[in-house]
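Listed below are the residues making up each chain.
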Number of protein chains: 2
Amino acid sequence: MELTNVSKQIIKNLSVDCVVFGFENFELEVLLIKRKLNPGKDSWALPGGFILKSETLDDAAVRLLEETSNVKNIYLEQVHTFSKTDRFPLRRVISVAYLALVNPEKHSLKPGIDATDVKWQKVKDPIDFPFDHQEIFDRALNQLRKRVRTKPIGFELLPEKFSLTQLQNLYESILGEEVDKRNYRKRILSLKMLVPLNEYQKGVSHRAARLYKFDSKAFKKLKDEGFNFQL
Amino acid sequence: MELTNVSKQIIKNLSVDCVVFGFENFELEVLLIKRKLNPGKDSWALPGGFILKSETLDDAAVRLLEETSNVKNIYLEQVHTFSKTDRFPLRRVISVAYLALVNPEKHSLKPGIDATDVKWQKVKDPIDFPFDHQEIFDRALNQLRKRVRTKPIGFELLPEKFSLTQLQNLYESILGEEVDKRNYRKRILSLKMLVPLNEYQKGVSHRAARLYKFDSKAFKKLKDEGFNFQL
DNA sequence: TAACCTTATTGTATTTTTTACACTTATCAA
DNA sequence: TTGATAAGTGTAAAAAATACAATAAGGTTA
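Residues numbered from 1 in each chain as written. Chains lettered and ligands numbered in written order. Predicted model: local features only at pLDDT ≥ 70, side-chain atom pairs only at ≥ 80, totals over all residues. Heavy atoms only, no water.

All names here are of chain B. Tracing the sequence through the fold places His133 in helix α2 (residues 133-150). According to the relative accessible area criterion, His133 is buried, its value standing at 3%. Here His133 is in contact with Asp17, Ala45 and Leu46, once residues within four sequence places are set aside. (Helix = DSSP H or I, 4+ residues; strand = E, 2+ residues; numbered from the N terminus. Buried < 20%, exposed > 50% of the residue type's maximum accessible area, 1.4 Å probe, protein only. Contact = heavy atoms within 4.5 Å.)

Below, the structure written as structure tokens:
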């Protein structure tokens with residue numbers, strides 16, 4: 001490893017923090033790491049780290065998620081940049097927050113170099129965040145709640161083939177409120193972004209639900225036509 | 001001036017760029033400065049500059065707008081952080097974009113230390129931006145178009161007392177499309193955020209329009225009740 | 001002072017969208 | 001075969017969005 005290589009130079013006053021959402025057992029979750037070092041040693045924090053001179057913020061977010069938790073190839077979007085002068089105790093660090101969506105089943109967790117542990121934590125359980133991570137988390141959750149009504153991002157959190165009930169559960173657990181089953185189905189199907197499959201749920205002791213998949217081409221077409229939906 | 005004072009230390013790899021919108025003569029405008037120095041000397045660019053160790057990004061945006069254009073005490077919101085590695089020619093600089101709203105009549109312009117000139121430029125006229133300022137501008141305009149439908153921010157751009165026609169003109173010039181007068185009035189008045197005054201337009205050679213003012217208390221109340229409007 | 005020009009102001013009928021609501025079907029387990 | 005559980009489905013009522021045009025007011029001009 002060439003530490004003198006310009007491309008590996010760390011920008012020490014700029015970090016990226018990722019709020020990674022997952023969905024398992026009908027519950028919205030967030031990915032946390034246990035910090036190996038001070039400040040905040042042993043506390044459960046948002047995964048993140050510093051950016052390199054050679055990479056964009058998006059690149060950094062991708063890299064840091066791989067490094068800190070082994071999570072790859074996921075939906076990412078920038079949320080906000082946090083800049084309180086005392087937000088990090090050691091020195092002035094400004095942090096760019098990212099929102100990420102992951103299907104937990106597709107990604108095995110593995111603590112990165114600066115963490116002793118990684119876990120999925122239910123969003124509705126209380127979390128004792130260090131630094132300003134509570135504020136970052138709140139903002140990211142807020143953004144997720146807006147997005148889920150205007151972009152079909154929820155599919156990132158589900159298996160490729162899913163039932164309408166799964167989709168509705170996800171939707172409800174992101175928004176934190178319940179919706180009418182028939183009305184939800186009507187709306188979501190009317191958008192023509194879902195294709196029904198000739199496959200059904202397996203291993204359940206009740207009527208098996210039909211499976212659907214997300215039709216990204218149909219969605220792209222809608223978008224190109226300037227169609228704005230609101231779920 | 002104590003250059004050694006920590007509070008005045010500049011963070012050289014982090015800048016703020018402001019997209020300042022104004023509304024004059026029924027037209028949406030943007031504030032541009034003529035750069036005094038290279039890179040981009042003499043080009044018309046977005047006002048901005050570097051942040052100080054002692055200030056937040058919001059603070060920096062406020063300060064830079066005062067410094068570069070004499071514009072004070074205005075609506076500000078963060079838009080996005082831009083980080084392409086080659087976005088600034090001299091060295092790696094990451095820039096946080098802000099959206100600002102100003103009533104041009106209330107602010108006299110005065111070029112700051114790094115500018116030879118300042119001006120309001122009509123948004124619909126072509127602008128030849130340096131660096132990645134086109135991208136920054138596009139994103140800010142986009143955000144403004146979203147905001148104007150979900151927050152009563154347009155009032156920042158108008159005099160304290162305004163007519164419904166003025167408000168509608170502003171709305172139309174932000175969105176770039178026309179709306180029906182009767183329906184617009186119905187909707188905006190139904191929100192109860194406007195109070196009709198016993199004052200009327202003056203100096204016009206036709207029927208004088210009634211003036212209204214924005215009722216920020218009523219709006220706050222609406223928001224506290226969790227009411228989300230969509231214009 | 002009457003005719004004219006310009007913009008302000010106002011209501012209704014139609015269409016579209018959203019909401020509320022409950023029974024039947026399928027599958028497995030007991 | 002009965003019971004339990006979740007899947008799947010339609011309609012009527014209410015609310016919201018849209019399309020649309022005549023009258024009022026103030027100033028200017030002939």
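Residues in contact with DNA strand C amount to 20 residues; listed here are only the nearest, Lys181(B), Arg185(B), Lys186(B), His206(B) and Arg210(B). In the interface set of DNA strand C, defined as its atoms within 4 Å of the protein, sugar plus phosphate atoms amount to 44%. Between DNA strand C and Arg207(A), the relevant distance is 3.1 Å, taken from a base oxygen to a side-chain nitrogen or oxygen of the residue. Between Arg185(B) and DNA strand C, the recorded distance is 3.0 Å, taken from a side-chain N or O atom to a phosphate oxygen. Mapped by element, the contributors of at least two residues to the surface near DNA strand C are α4 (181-190) of chain A together with α4 (181-190) of chain B. (Near = heavy atom within 4 Å. Polar contact = N/O pair within 3.5 Å; in protein donor to acceptor, adjacent residues only side chain to side chain.)

Another aspect to go through is the pattern of salt bridges. All names here are of chain A. Counting across every chain of the model gives 20 salt bridges over all chains. Residue Lys84 pairs with Glu135 through a salt bridge whose shortest N-O separation is 3.2 Å. Taken as a pair, Lys84 in the loop between β5 (75-82) and β6 (94-102) and Glu135 in helix α2 (residues 133-150) lie far apart in primary sequence, 51 residues in all. We classify Lys84 as partly exposed; its relative accessible area is 46%. Looking at Glu135, the relative accessible area reads 35%, which means it is partly exposed. As a salt-bridge pair, Glu199 and Lys161 come within 2.8 Å of each other at their nearest N and O atoms. Of this pair, Glu199 sits in strand β9 (residues 194-200) while Lys161 sits in the loop between α2 and β8 (162-163), and the two are 38 residues apart along the sequence. (Salt bridge = Lys/Arg side-chain N within 4 Å of Asp/Glu carboxyl O.)

Functional significance is not addressed by these values, which are geometric in nature.
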